[in-house]
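Fold and contact review
This is what each chain is made of:
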Amino acid sequence: MATVEIRGVYKKFGAVEVIHGVDIPIADGEFVILVGPSGCGKSTLLRMIAGLEDVTGGEIRIADRVVNEVPAKDRNIAMVFQNYALYPHMTVAQNMGFSLRLRRAPKSETDSRVKRAAEILGLTDLMDRYPKQLSGGQRQRVAMGRAIVRDPEVFLFDEPLSNLDAKLRVAMRTEIKELHQRLQTTTVYVTHDQIEAMTMADKIVVMRDGIVEQVGTPLDLYDKPQNIFVAGFIGSPSMNFVKGKLKVNGTTSFESDGGFVLPVANAPANAEGRPLVCGVRPEHLIIDPSGIAAEIIVIEPTGSETQVVARHGDQEITCLFRERISARPGEMIPIIANPKLVHLFDAETGARV
């Protein structure tokens, strides 16, 4: 196992700079997920850690060793790719042991490591099959097994679940998390799926346009997003945002530009009258007679929860209720936010206030 440190790293493709001075510390044994929209630079950063892309500036350290100029094969890392990258003419056992055979490891050592990895991943009965005879989930486990047998200091995962169907993705999330808990190997994982990030990571790095917007535990990012981008990216369904200003008249409330009022607890000092954006998560809205009247546009029952899209004036609001809703589209419901769970952001900079 090893620490990974990314210090002031930037990357240019020709004259275009795509990574802008990124700093990310990754502790020994930590499971860190780089998350962000397509094109934010997360996969490029992972490929630089792996040695598949050159570093234009800054330092990448693995186990206190600067690896900027170290070839990928000498970095003691193992990477699991999105498309599995299995050799079609090799069996499962041959695919898993290939890297050890390249290193001319003794056959007894290769067989022992492959057997151990197969037992960990439930592949023992599939060792003589070829990739074309496997399901997508089985192929992904073989790709993970090939990484395990190398016994690396760092695991790198590049969107490994994006080719799987929704049900299998959930199962594989659990398998990868269990694998990390068993091996305790430092892991850097890239995804654009914030649900994957929230459920799997010890620490999440949210990226946008080649910069780091926020680093923290999943609940840190959920409870205290540092800006509007992180607030809107983390959480599903996405946070509701309303423009307006704070009003203080005995109690503090947020009055939107559209005229409706939300109660606010713990408002920042000197914020009255300042243009702000109020953020409320759908799950923090409740039906209450004292709330604002909103017209139901769409109801989406999922069984355990009911998602409702409603409208007040020209403001669309997404709500997530645990209870069943008997109302129908076109009817009015009174909704109110928990004042302790309201988020306020500067309307100009987007930063949390």
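See the structure shown above.
Within any chain, residue numbers begin from 1 and follow the written order of that chain's sequence. The model is predicted, so local features are restricted to residues of pLDDT at least 70 and side-chain atom pairs to those at 80 or more, both for listing and for counting; the totals for chains, interfaces and linings are taken over all residues. The basis for every side-chain value is the complete set of heavy atoms in the structure, and neither hydrogens nor water enter the calculation.

1. Remarks on the sheet that holds strand β7 (residues 154–158)
Remark on secondary structure: sheet strands pair via backbone hydrogen bonds, oriented parallel or antiparallel. Here is the rule: When DSSP finds two or more bridges between two strands, those strands count as paired. Comment: elements are numbered from the N terminus, with helices defined as DSSP H or I runs of at least four residues and strands as E runs of at least two. As a rule, the C-alpha atoms of each element are fitted with a line to give its axis, helices using only the stretch in contact, and angles between N-to-C directions run from 0 to 180 degrees.
Sheet architecture is open: six strands sit in the order β6-β7-β8-β3-β9-β10, paired in mixed fashion. On the outer flanks of this sheet lie β6 (77–80) and β10 (211–216), each paired with one strand and no other. Within the sheet, the average angular offset between the axes of one strand and its neighbour, ignoring direction, is 15 degrees. Where strand β9 (residues 203–208) meets β10, five bridges bridge the pair, whose relative direction is antiparallel.

2. Notes on helix α3 (residues 107–121)
Selection rule: What a helix is expected to span follows from its residue count: subtract one and scale by 1.5 Å. Under the scheme applied here, a residue whose accessible area is under 20% of the maximum for its type counts as buried, over 50% as exposed, and between as partly exposed, the area being computed with a 1.4 Å probe on protein chains only. Working definition: the arc comes from the directions between the helix axis and the C-beta atoms, pointing outward to the latter. Only heavy atoms matter for contacts: two residues are in contact if any of them lie within 4.5 Å across the pair.
For α3, with 15 residues, the first-to-last C-alpha span of 21 Å sits near the 21 Å given by 1.5 Å per residue. Within α3 the residues assigned to the buried category are Thr 110, Val 114, Ala 117, Ala 118, Ile 120 and Leu 121. For α3, the buried positions fall inside an angular range of 160 degrees around the axis, keeping them on one side. Looking at α3, the residues exposed on the side facing more than 90 degrees away from the buried face are Ser 108, Lys 115 and Glu 119. In this structure, the buried residues of α3 make contact with α2 (92–102), α4 (136–148) and α5 (166–183).

3. Things to note about the sheet that holds strand β14 (residues 276–280)
Taken together, five strands build an open sheet; the order of strands is β13-β12-β11-β14-β19 and the sheet is antiparallel. Because the sheet does not close on itself, it has two edges, and the strands there are β13 (261–263) and β19 (343–346). Taken over all neighbouring pairs, the strand axes of this sheet differ in orientation by 45 degrees on average, direction set aside. Bridge count between strand β11 (residues 240–249) and β14: five bridges; the pairing is antiparallel. When the sheet's bridge partners are listed, Gly 244 is paired in β14 with Leu 276.

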